[in-house]
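# Structure at a glance
Letter by letter, the chains look like this.
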Amino acid sequence: MTTDLKSIAILIPGRLHPHAVARLEERFQIVRAERPAGDAVSSQHAAQIKGIAAMTRIDASLIDSLPHLEIVSSFGVGYDHVDAKHAATRNVVVTNTPDVLTEEVADTAIGLLINTVRELPKAEQWLREGRWVTEGPYRLTNGTLRGRRVGIFGMGRIGLAIARRIEAFGLPVSYHNRRPVDGVPYRYFGSLVELAANVDTLISVAPSTPQTEKAVNAEILSALGPTGVFVNIGRGTTVDEADLAAALHDGTIQAAGLDVFYDEPNVPENLVSAPNASLLPHVGSATIHTRQAMADLVVDNLIAWFSTGAALTPVPETADLGKRG
Ligand code: 8YV
């Protein structure tokens with residue numbers, strides 16, 4: 001097994017967190033490419049590269065262009081931008097950055113929920129515009145967390161961390177997931193529409209997969225109903241944004257809080273113009289503290305793979321690829 005890490009070439013396609021780049025440069029031989037595409041790497045480099053560290057799209061053609069590739073270390077817990085199924089067929093391990101961002105993203109979800117229901121960003125704007133002085137107190141909000149029933153779509157690590165917080169707020173939690181999760185005490189619904197019909201507050205933490213594509217659509221929103229609040233902290237692809245915008249404008253649901261969008265950074269005009277939508281530019285994990293921990297895990301997966309032969313956090317598709325060498 002190779003232990004001289006300096007002899008190992010790691011490709012960084014596109015941008016990567018500077019802390020990860022600095023640590024990788026200390027340990028490995030680094031090849032930078034402007035684009036995540038096979039033709040962006042010279043054939044001489046392609047023959048040397050054994051690992052990729054990336055926060056961009058890694059598709060089958062890039063994987064296939066690197067004959068000695070062993071591992072793709074991806075920044076972020078969601079890895080829908082990496083073709084992990086194809087990597088598995090090539091015996092390439094894919095890793096992501098779970099756990100280190102769980103609590104941060106759950107905190108953001110709660111902040112977004114409260115902002116949405118209690119209109120805190122608008123109330124702050126009222127103060128900043130001097131209207132408290134000229135017009136009096138901000139209006140009482142129609143929305144409240146009191147009495148709400150919360151449904152979580154996607155009961156993974158982040159879903160669980162959100163559920164624990166919601167419990168502390170004194171609200172009942174239920175969930176929908178591909179299957180019931182062992183040891184989770186909350187009520188399970190076998191379909192998203194059943195969950196939506198039984199709650200008034202739906203928080204999506206679902207990953208982007210072919211099964212979740214536009215899963216939150218007109219049917220789900222109408223099941224959620226006129227007092228319904230929808231919060232999305234998972235992936236924008238899980239929502240039919242045209243249906244959501246229509247539901248916000250015509251009162252099918254009460255409000256929505258969104259941190260993620262279908263085609264980031266582009267946000268549809270009819271979502272921006274919805275007065276009952278609270279919108280954030282995908283900041284779920286965006287603190288210096290947590291992004292640094294994510295960057296460390298990207299690097300530590302590569303170090304672990306090339307020095308001990310086992311990755312720290314392989315994704316399920318490649319978890320049984322076993323040890324290196
Ligand atoms: C980051 C995320 O915004 O981890 C994820 O899946 O969506 C976020 O934490 C993303 O990884 C940044 O590229």
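These notes cover the structure that comes with them. Positions within a chain are numbered from 1, following the residues in the order the chain's sequence is written. Since the coordinates come from a predicted model, pLDDT governs what is reported: local features require at least 70, and pairs of side-chain atoms require 80 or more to be given and counted, while whole-chain, interface and lining totals use all residues. Side-chain descriptors were evaluated using all non-hydrogen atoms of the structure, hydrogens and water having been removed beforehand.

## Considerations on the packing of aromatic side chains
Each Phe, Tyr or Trp ring, with Trp reduced to its six-membered ring, pairs with another whose centre is within 6.5 Å; inter-plane angles below 30 degrees give stacked pairs, above 60 give edge-to-face pairs, and intermediate values give tilted ones. With the rule as written, the count across this model stands at three aromatic pairs. The interplanar angle of 75° and the centroid separation of 5.7 Å between the aromatic rings of Trp126 and Tyr138 together place this pair among those described as edge-to-face. Taken together, the residues span a long stretch of sequence, with Trp126 in helix α6 (residues 120-128) and Tyr138 in the loop between α7 (131-135) and β6 (150-153) at a distance of twelve residues. In this structure, Trp126 and Tyr138 share a single accessibility class: buried. In our convention, an over-ring charge means Lys NZ or Arg CZ found within 6 Å of a ring centre and within 35 degrees of that ring's normal. The residue whose ring lies beneath Lys214 is Tyr262, and the NZ or CZ to ring-centre distance is 5.1 Å. Numbering of helices and strands runs from the N terminus, with a helix taken as a DSSP run of H or I at least four residues long and a strand as a DSSP run of E at least two residues long. A simple rule labels every residue: compare its accessible area, found with a 1.4 Å probe on the protein chains alone, to the largest value its type can have, and call it buried under 20%, exposed over 50%, or partly exposed in between.

## Digging into unusual backbone geometry
Look at the link from Glu264 to Pro265: it is a cis peptide, with omega at 5°. On the secondary structure map, Pro265 appears in the loop between β11 (255-258) and α12 (269-272). Its identity as a non-glycine residue notwithstanding, Asp99 has a phi of 65°, on the positive side. Structurally, Asp99 is set in the loop between β5 (93-95) and α5 (102-118). Judged by its relative accessible area of 47%, Asp99 is partly exposed.

## Some remarks on the pattern of salt bridges
The rule for a salt bridge is simple: a side-chain nitrogen of Lys or Arg has to be within 4 Å of a carboxyl oxygen of Asp or Glu. Following the criterion strictly, the structure yields 17 salt bridges and no others. The salt bridge partner of Glu103 is Arg165, with a shortest N-O separation of 2.9 Å. Here Glu103 is found in helix α5, whereas its partner Arg165 is found in helix α8 (residues 157-168), with 62 residues between them in sequence. For Arg165, the salt bridge goes to Asp107, with nearest N and O atoms at 2.7 Å. With a gap of 58 residues between them, Arg165 in helix α8 and Asp107 in helix α5 connect regions that are remote in the sequence. Here Asp107 falls in the partly exposed class, since its relative accessible area comes to 39%. Put simply, Glu103, Asp107, Arg164 and Arg165 are held in one network by salt bridges that share partners.

## A closer look at the nonpolar core
Residues grouped as a nonpolar core are buried Ala, Val, Leu, Ile, Met, Phe, Trp, Tyr and Cys residues, joined through side-chain atoms within 4.5 Å. Phe28, Ile152, Ile162, Ile166 and Phe306 are the most contacted members of the largest nonpolar core, which totals 50 residues. Looking at this core, the elements that each hand over two or more residues are β1 (9-13), α1 (18-27), α5, β6, α8, β7 (173-176), β10 (229-232) and α13 (288-308). Top element by residues in this core is α13. It accounts for eight residues. Residues Val216, Leu244, Ile253 and Ala277 belong to the second largest nonpolar core, which totals 26 residues.

## Things to note about the site of the ligand
Distances are taken per atom, and a residue is near a molecule or strand as soon as one of its heavy atoms is within 4 Å of it. All residues adjacent to the ligand are Met55, Phe75, Gly76, Val77, Gly78, Leu101, Arg235, His282, Ser285, Arg291 and Met294. Note on areas: Shrake-Rupley with a 1.4 Å probe; residue coverage comes only from the protein chains shown. Contact with the protein chains covers 83% of the free accessible surface of the ligand, which is 330 Å². Here the residues of the shell around the ligand are counted per class, giving five nonpolar, four polar and two charged. Note on residue classes: Ala, Val, Leu, Ile, Met, Phe, Trp, Tyr, Cys and Pro are nonpolar, Asp, Glu, Lys and Arg are charged, and everything else, Gly too, is polar.

## Details of the packing of α5 against α8
Only the stretch in contact is used when fitting a helix axis, every axis being a line fitted to C-alpha atoms; angles between N-to-C directions are given from 0 to 180 degrees. One can describe the packing of α5 onto α8 by two numbers: an axis separation of 9 Å at closest approach and a directional angle of 50°. Classified by the interaxial angle, the pair formed by α5 and α8 is oblique. Judged by the twist between their axes, the crossing of α5 over α8 is right-handed. Note on element contacts: α8 touches α5 through Arg157, Ile158, Ala161, Ile162, Arg164, Arg165 and Ile166, opposite Thr102, Glu103, Val105, Ala106, Asp107, Ala109, Ile110 and Leu113. Each angle is binned into one of four classes, with values under 35 degrees roughly parallel, values over 145 roughly antiparallel, values of 65 to 115 roughly perpendicular, and all other values oblique. If you view the pair so one helix is near and one far, a crossing is left-handed when the near helix is turned anticlockwise from the far one by less than a right angle, and right-handed when it is turned clockwise. In what follows, residue pairs with any heavy atoms lying within 4.5 Å of each other are defined as contacts.

## Description of the pairing of β10
Consecutive residues of a regular strand have side chains that alternate between opposite faces of the sheet. Every second residue of β10 is oriented toward a common face, with Val229 and Val231 on one face and Phe230 and Asn232 on the other, all of them buried. Two strands form a pair only when DSSP identifies at least two bridges running between them. Summarising the sheet, strand β9 (residues 201-204) and β10 pair through four bridges and their orientation is parallel. Its bridge partner lying in β10, Ser204 is registered against Asn232. The handedness of a crossover follows from its direction of travel: if, with the strands pointing away from the viewer, the path from the first strand over the helix to the second runs clockwise, the crossover is right-handed. In this fold, the crossover linking β9 to β10 by way of helix α10 (residues 218-224) has right-handed handedness. Bridging between β10 and β11 involves four bridges; their strand directions are parallel.

Function cannot be read off these values alone, since they describe shape.
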